[in-house]
Amino acid sequence: MQFQPVLDAIAEELRPHRGRIGKVADYIEPLAEVPIDRFGIALRTCDGQEAASGDWQEPFSIQSISKVFSLTLAMQALGDTLWQRIGREPSGTAFNSLIQLEFEEGVPRNPFINAGAIAVADRLVSQGDAPAMMLALMSSLCNEPVAIDERVAAAEGATGYRNLAVANFMKSFGKIDNTVSDVLDAYFHQCAIRMDCMQLARAAGFLCRDGRHPYTGAPVVTDRQARRINALMLTCGTYDAAGEFAFRVGLPCKSGVGGGIVAVLPDQLSLCVWSPGLDKAGNSALGQMALEMFVAKTGLSVF
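Keep in mind it's a predicted model, so treat the numbers as computed, not measured.

K.L.:
Could you give me a rundown of the pairing of strand 9 (residues 269-274), with the residues and numbers involved?
P.N.:
Buried residues dominate strand 9, accounting for six of its six residues. On strand 9, burial covers both faces: L269, L271 and V273 on one face and S270, C272 and W274 on the other are all buried. Of the pairings in the sheet, the one linking strand 2 (residues 40-45) to strand 9 comprises six bridges and is antiparallel in character. Its bridge partner lying in strand 9, R44 is registered against S270. Examined bridge by bridge, strand 8 (residues 260-265) and strand 9 share six bridges and lie antiparallel to one another. When the sheet's bridge partners are listed, G260 is paired in strand 9 with W274. Where strand 8 folds back on strand 9, the antiparallel hairpin that results is connected by three residues, among which D267 adopts a positive phi of roughly 70°.

K.L.:
Explain the packing of aromatic side chains residue by residue, including any values.
P.N.:
Counted under the stated rule, the structure contains five aromatic pairs. Between F69 and F206 the ring centres are 6.3 Å apart and the planes differ by 55°, which places this aromatic pair in the tilted class. In this pair, F69 sits in helix 3 (residues 66-78) while F206 sits in the loop between helix 10 (197-203) and helix 11 (223-236), placing the two residues 137 residues apart along the sequence. Its relative accessible area of 1% is what places F69 among the buried residues. It is K254 that lies over the ring of Y239; its NZ or CZ is 4.8 Å from the centre.

K.L.:
Outline the environment of Y239, supporting the account with residue identities and numerical values.
P.N.:
One can find Y239 in the loop between helix 11 and helix 12 (242-248). A residue is classified by how much of its surface remains accessible, and Y239, at 6% relative accessible area, is buried. The spacing of Y239 and G256 is 17 residues in sequence and 9.2 Å in space, taken between C-alpha atoms. Polar side-chain contacts of Y239 include one of 3.5 Å to the side chain of S64.

K.L.:
Can you lay out the state of the cysteines for me, pointing to particular residues and giving the numbers?
P.N.:
This structure, assessed with the given rule, holds zero disulfides. We note that C253 lacks a disulfide partner, and the nearest cysteine sulfur, in C272, lies 10 Å from it. Overall, C253 belongs to the buried group, its relative accessible area being 2%.

K.L.:
Let's hear about the pattern of salt bridges: which residues, and what values?
P.N.:
Pairing between side chains of opposite charge can happen when the charged atoms of each approach one another. Going through the model one piece at a time under the given rule, you end up with 20 salt bridges. As a salt-bridge pair, R85 and D177 come within 3.0 Å of each other at their nearest N and O atoms. Of the two residues, R85 is situated in the loop between helix 3 and helix 4 (99-103) and D177 in the loop between helix 8 (161-172) and helix 9 (180-191); the sequence distance between them amounts to 92 residues. On the accessibility criterion, R85 (23% relative accessible area) is partly exposed. Two residues, R227 and D223, come together in a salt bridge whose shortest N-O distance is 3.9 Å. Of this pair, R227 and D223 are both found in helix 11, four residues apart, which corresponds to roughly one turn of the helix. Several salt bridges share partner residues, and in doing so they unite R44, E50, E144 and R202 into one network.

K.L.:
Can you tell me about the pairing of strand 2, naming the residues and giving the values?
P.N.:
Burial analysis of strand 2 places six of its six residues in the buried class, the great majority of the element. Side chains G40, A42 and R44 of strand 2 all project onto a buried face; the interleaved residues I41, L43 and T45 project onto the opposite face, where all are buried too. As judged from the five bridges shared by strand 2 and strand 3 (residues 50-54), these two strands associate in the antiparallel manner. Its bridge partner being in strand 3, G40 is matched across the sheet by G54.

K.L.:
Lay out helix 6 (residues 130-142) in plain terms, naming residues and giving numbers.
P.N.:
Between its first and last C-alpha, helix 6 extends 18 Å over 13 residues, near the 18 Å set by a 1.5 Å rise per residue. Turning to helix 6, its buried residues number three or more, namely A130, P131, M134, L137, M138, S139, L141 and C142. In this structure, the buried side of helix 6 is in contact with helix 3, helix 5 (114-127), strand 5 (147-148), helix 9, strand 6 (193-195) and helix 10. Backbone geometry just downstream of helix 6 places N143 in the positive-phi region, at approximately 65°.

K.L.:
Tell me about the side chain of K67, residues and numbers included.
P.N.:
With respect to the helices and strands, K67 occurs in helix 3. Although K67 is buried, it makes no salt bridge; E156 carries the closest opposite charge, 10 Å away. Once you skip the residues sitting within four places of it in the chain, K67 turns out to touch P111, F112, I113, N114, A117, Y187, Q190 and K254.

K.L.:
A description of helix 11 should follow, citing residues and the corresponding values.
P.N.:
Across its 14 residues, helix 11 extends 20 Å between first and last C-alpha, which sits within 8% of the 20 Å expected from 1.5 Å per residue. Among all positions of helix 11, only Q225, A226, I229, N230, L232, M233 and C236 are buried. Taken end-on, helix 11 shows its buried residues confined to a sector of 160°, consistent with a single buried face. Looking at the buried side of helix 11, the elements it contacts are helix 3, helix 12, strand 7 (253-255) and strand 8.

Reading the values: the criteria
Residues numbered from 1 in each chain as written. Predicted model: local features only at pLDDT ≥ 70, side-chain atom pairs only at ≥ 80, totals over all residues. Heavy atoms only, no water. Buried < 20%, exposed > 50% of the residue type's maximum accessible area, 1.4 Å probe, protein only. Helix = DSSP H or I, 4+ residues; strand = E, 2+ residues; numbered from the N terminus. Pairing = 2+ DSSP bridges. Phe/Tyr/Trp six-rings, centres within 6.5 Å; stacked < 30°, edge-to-face > 60°. Lys NZ or Arg CZ within 6 Å of the ring centre and 35° of its normal. Polar contact = N/O pair within 3.5 Å; in protein donor to acceptor, adjacent residues only side chain to side chain. Disulfide = S-S within 2.5 Å. Salt bridge = Lys/Arg side-chain N within 4 Å of Asp/Glu carboxyl O. Expected span 1.5 Å × (residues − 1). Contact = heavy atoms within 4.5 Å. Lys, Arg positive; Asp, Glu negative; His and termini not counted. Arc of directions from axis to C-beta.

Here it is in structure tokens:
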């Protein structure tokens, strides 16, 4: 299948909606400054075919999309022991909620809500320089250097009171090994990585290739681990709208409040859409529309 005409058609059909739906994340100034009318889409197939359209070359803050890759690093290092302190169930509550932690004694429901990602960051801090490990992994997977936006990281640290509360709450239950400040510093820096749509589509390529590196073919994770990451993306990857995404899109997805969404079709392709206007659940409104259109136009889905 030739994907370039499909992506061009999606970008053209969405043009009248650009800047008209959703709301840009404004809890920190660097995100609030991003123009709402941006839209980009890019994909890479398992055999290396690439296509892109719109503002796909404009870097953006990947935010919670980083949780896929921090989870990957933790699974590499710890295997199944990672799940001793992190669940694998959808949360049904907001991504930064404290409510479930109270009932579940500091054990996060899954690795893609903030509490779960902070628990993963704690595991990585125990392994070494977590931000450096993240940059090394991301740069390797997309085959070019990527960087952290220090202004975004600093702004996250200056305003992350709820994340501070979440981390301290888990620490009080003995579920965080390292100092809260070190763990949150690693977490804020991973969220502040800047990438464009094609870089993220390439980076996610191991998830559509049974865990193998998109360029070298070397194992990044096992095929079993890749299936588990995809399963978590499908059930937990779009905050408390994961069921709606599965219903409408039918692909494993992971979103971030920077407006990006990464999606995977095992054995075929990985793709990324970006538009900073968010819906009420914190997912890119135009991005979800684009993914629905992609599935409708190509007939590609996991179902």
